[in-house]
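Residue-level structure breakdown
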Amino acid sequence: MPVYHLHINGLVQGVGFRPTVQQLAIQMGIDGWVKNGSDGVHIICKTNLENAKAFYQQLLEQPPSNAIITQHLFELAQEDCAKGFHIVSSSREAHVNMMLTPDLAPCDHCRKTISESDNQRYLYAFTTCLQCGPRYSIINALPYDRVNTSMAQMQQCPSCLKEYDQVANTRHHSQTNSCKSCAIQMHLYNTNLEELPISQDEISEQLAIFLQKGKILAVKGVGGYLLICDAANKEAISSLRKRKHRPSKPFALLYADIEMAQADLSITATEISALKDKSAPIVLCRIKNFPENNLDLEGIAPGLARLGAMLPASPLLQLLANHFGKPLVATSGNLSGSPILFQDQKAKEWLLGIADYLLTYDREIQAPQDDSLIQFTSRGQKIILRRSRGLSPNFYPINFQQDTKNILAMGAELKSSFAIATGNQIFVSQFLGDQQSLESQMAFDDSLQQVSTLLNFEPSKILIDLHPSYQISENGRKIGQQKQCPVIEIQHHEAHFAAVLAENGLLEKKEPVLGFIWDGAGYGQDGQIWGGEIFLFDQGSLHRAAHLAYFPQLLGNKMNKEPRLSALSVLKEFPLAQKLIRKHFSDTEWQFYQQLLAKPVEVQTSSMGRLIDAVACILGIKPIAGFEGEAALQLEALANNCPYPSYDAYHLPITHGIIDWRPLIQEILHDWQQKEPNEIIAWKFFYSLAKAIAKISGHFFIDKLAFSGGVFQNALLTDLIMEQLQQKRELFFHQQLSPNDECISLGQLAWHSQFYKKDQSTENQKYQTNRYFIEQS
Ligand SMILES: [Zn+2]
Ligand SMILES: [Zn+2]
């Protein structure tokens, strides 16, 4: 009888792949074995060719529900095997080549299990099975086996071991298996760091009582600690804001189930399936006119029409939400702007200053991740606002040909992430915060270290942003020095464009694409701050085809958070209108800025983000924002309230590649003088941007349009663009990544693969794809 070797790669570990293989083999009367390796799953099967092919086919067509197969191979094997079919010990090769399984939210079966009083796992907060449980957050080495996770020290009790060994059991070979007899222990502390003497089963009920009394809790979640309080309690929310130093950035809500969320929010079918997805992200949903749960909306999401909602990402959070029975505010456990806390000791030190009680448990988090945040436009276009738990670090199935085998891309400064190209895989880290803070730099380093260890990765080339004063680029240069490898600088908006081209498989194609790259700020090749850019990708090369007319950049980064400075800069051209914003400055400030504006302009900007800020400020929205983009969010909310969205657009003419914003501002000022309601002006403004995109694409005679940059986080603008152009042009948006700067790291990898002109003197070390693999069609 012949023996065959099957090699299957992709997202195949921690998803119940081996048990599925074993079960199928036994059903089909096949002898052999299956094992995990650092490069996927290997199967040996002894049977006739016809049967082996049927077996192979069925695995490819019906893999476990959470699996993603990206590569597979079927070949004749040289070895023999014993009778029966077994799961054998994993092997660990030096070369790691596989996707990393993200954390999986509780499956329906496990959710049910913990609420059935006659079940042995009733109220057990760490119930998991083959389909669900923590994965990425608890691994410290590959392949994915219990010994390589935070579960290593915990022994399974006889009953769990029985489940673990039983073919067809939902916990057969489930690496996170445990039950009340071999439980992961929880500990509840008060602010004096005294552990409260409460039995494990009563803890979630006790937490619900605390919440009822208006207390703030710090609770260890999947990727880190969360701060939680009653979403109807004004005082609790206001003290959470004060203690966390987070004046206005919206909070997300945790609901026990969809039905509870539907009492407050209008949720579309697409949003429901996103909420129920195994990645359990926060999904922004429209607030009903009359929410039923008595939410403190002004405290939760001041001035916004949408609320972030999520379902419990772990059984522990599910139990808490069930016991409380009402919506909860749930936000990352940190001081505003710092990385999420995930180590128990640090959480106790820092979070008990914010929370009244802290709940921890004895399973370490290895890889911290915030909750992911997504939204859908009214037309159903998905926009990722923060890519983290459940979504990162895998990026698939696209890979680009690189001239170097192991490349590290350092990404951008404010919404940072790194990307790694190694083997046949690309990894894009989670959102890693603003790299201007030391804590975020440390979190970045830790995360890079953790992924590098998992993947056995050593960079042989570093890609950084061109910005001369980005801390993250400086760190990239240092790594380059340490590792003695070349460091390549890449322009910010070119990286944005390359990212969206790569995500849509357009890089390899020769057809021209016009890229609208609109964001807050990026360093341009002419030394100015870019951000309202239009690029042309044609015949495999890329150039800046047009941009927003420059206006003065005032006080560098300060402008990002102070829309009043953008307004001041734009209104330099309209002296009579300056009185509109005079009230947002003190006398000293006004004098100082007038003097500054009178001097010759040193740095200019073409930023669309800043133009949006200026318009928001002219309409009286926040002159100083709590966070970058806040004014834009509020302007979008205002525009969404426009009663009859059907008006003429303002003019945004383009001549010789310069988009002149002055007519637009002039007409806005005119409307304002005519006492046109702000809602209408705001709507007309976004409509004008969409109209301008339509006009410019006609001007260049190009059918394929791609969009990247933080401005395209705006759902209304995205919808207006689709409404204007979907029938006439092909539109390409980001799919797996956020349009904001989180996509820069991947964009740097993509840019490098396509546009980097190799030094002729260096050896041609073109990267060879693994010849053993047959790419999945
Ligand atoms: Zn489960
Ligand atoms: Zn057990």
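Residues numbered from 1 in each chain as written. Chains lettered and ligands numbered in written order. Predicted model: local features only at pLDDT ≥ 70, side-chain atom pairs only at ≥ 80, totals over all residues. Heavy atoms only, no water.

**Describing the domain arrangement of the chain**
- The domain architecture assigned to the chain consists of domain 1 (3–87), domain 2 (186–376), domain 3 (392–499 + 750–755) and domain 4 (551–734).
- Summarising the inter-unit geometry, the C-alpha centres of domain 1 and domain 4 are found 56 Å apart. (Domains from an automatic or database assignment.)

**Section: helix α22 (residues 678–699)**
- Over its 22 residues, α22 runs 31 Å from end to end, which matches the ideal 32 Å to within 8%, given 1.5 Å per residue.
- Downstream of α22 by one or two residues, Phe701 has phi in the positive range, about 50°. (Helix = DSSP H or I, 4+ residues; strand = E, 2+ residues; numbered from the N terminus. Expected span 1.5 Å × (residues − 1).)

**Things to note about the environment of Gln343**
- Turning to its location among the elements, Gln343 is positioned in the loop between β13 (328–332) and α11 (344–351).
- Exposure remark for Gln343: the relative accessible area of 38% places this residue in the partly exposed category.
- Placed 232 residues apart in sequence, Gln343 and Arg111 show a C-alpha to C-alpha distance of 26 Å. (Buried < 20%, exposed > 50% of the residue type's maximum accessible area, 1.4 Å probe, protein only.)

**Thoughts on the nonpolar core**
- Counting residues in hydrophobic clusters, the biggest one holds 75 residues, and the most contacted among them are Phe516, Leu635, Trp661, Ile665 and Phe685.
- Here this core gets 13 residues from one element, more than from any other, and that element is α22.
- Contacts of Phe516, omitting those with residues within four sequence positions, involve Glu533, Ile534, Ile693, Ile696, Ser697, Leu705, Ala706, Phe707, Ser708 and Phe712.
- Counting 63 residues, the second largest nonpolar core, distinct from the first, contains Ala412, Phe418, Ile462 and Leu749. (Core = buried A, V, L, I, M, F, W, Y, C linked by side-chain atoms within 4.5 Å. Contact = heavy atoms within 4.5 Å.)

**Notes on the coordination of the zinc ion (ligand 1)**
- Around the zinc ion (ligand 1), the protein supplies Cys107 (SG), Cys110 (SG), Cys129 (SG) and Cys132 (SG) as donor atoms, at distances of 2.3 Å.
- If you look at the zinc ion (ligand 1), its four donor atoms make angles of 102 to 117° with each other, and the shape they trace is tetrahedral. (Donors = N, O, S within 2.8 Å, 3.2 Å for Na, K, Ca; no water. Tetrahedral: all angles 85-135°; square planar, octahedral: opposite > 155°, others 65-115°.)

**Structural notes on the packing of helix α16 (residues 563–570) against helix α18 (residues 587–598)**
- At a minimum axis distance of 11 Å, the contact between α16 and α18 shows a crossing angle of 45°. Between α16 and α18, the interaxial angle falls into the category oblique. In the packing of α16 onto α18, the handedness of the crossing is right-handed. Contact residues: α16 offers Arg564, Leu565 and Leu568, while α18 offers Glu589, Trp590, Tyr593, Gln594 and Leu597. (Axes fitted to C-alpha atoms, helices over the stretch in contact; angles between N-to-C directions. Parallel < 35°, antiparallel > 145°, perpendicular 65-115°, else oblique. Left-handed = near helix turned anticlockwise from the far one by under 90°.)

**Details of empty space enclosed by the protein**
- Taken as a whole and judged by the stated rule, the model has seven cavities of 30 Å³ or more.
- Its residues assigned to classes, the lining of the largest cavity shows 12 nonpolar, five polar and five charged.
- The computed volume of the second largest cavity comes to approximately 100 Å³.
- Lining the second largest cavity are 16 residues, and of these Gly14, Val15, Gly16, Leu130 and His173 sit closest to its centre.
- Per-element accounting of the lining of the second largest cavity gives the leading share, three residues, to helix α1 (residues 17–27).
- Residues belonging to the lining of the second largest cavity are distributed by class as follows: seven nonpolar, seven polar and two charged. (1 Å grid on protein atoms, 1.4 Å probe; cavity = no way out; pocket = protein on both sides within 12 Å on 5 of 7 lines; lining within 4 Å. Points joined across faces, edges and corners; volume = space filled by probe spheres on them. Nonpolar A, V, L, I, M, F, W, Y, C, P; charged D, E, K, R; others polar.)

**Quick look at the environment of Asp587**
- With respect to the secondary-structure elements, Asp587 resides in helix α18.
- In this structure Asp587 comes out as exposed when scored by relative accessible area, which is 57%.
- At 2.5 Å, the side chain of Asp587 and the side chain of Arg582 are in polar contact. (Polar contact = N/O pair within 3.5 Å; in protein donor to acceptor, adjacent residues only side chain to side chain.)

**Re the environment of Phe732**
- As for its placement among the helices and strands, Phe732 is situated in strand β31 (residues 730–732).
- On the basis of relative accessibility, which here comes to 11%, the residue Phe732 falls in the buried class.
- Sequence separation of Phe732 and Leu506 is 226 residues, and the distance between their C-alpha atoms is 9.5 Å.
- Among residues more than four places away in sequence, those in contact with Phe732 are Val500, Asn504, Leu506, Lys704, Leu705, Ala706 and Phe707.

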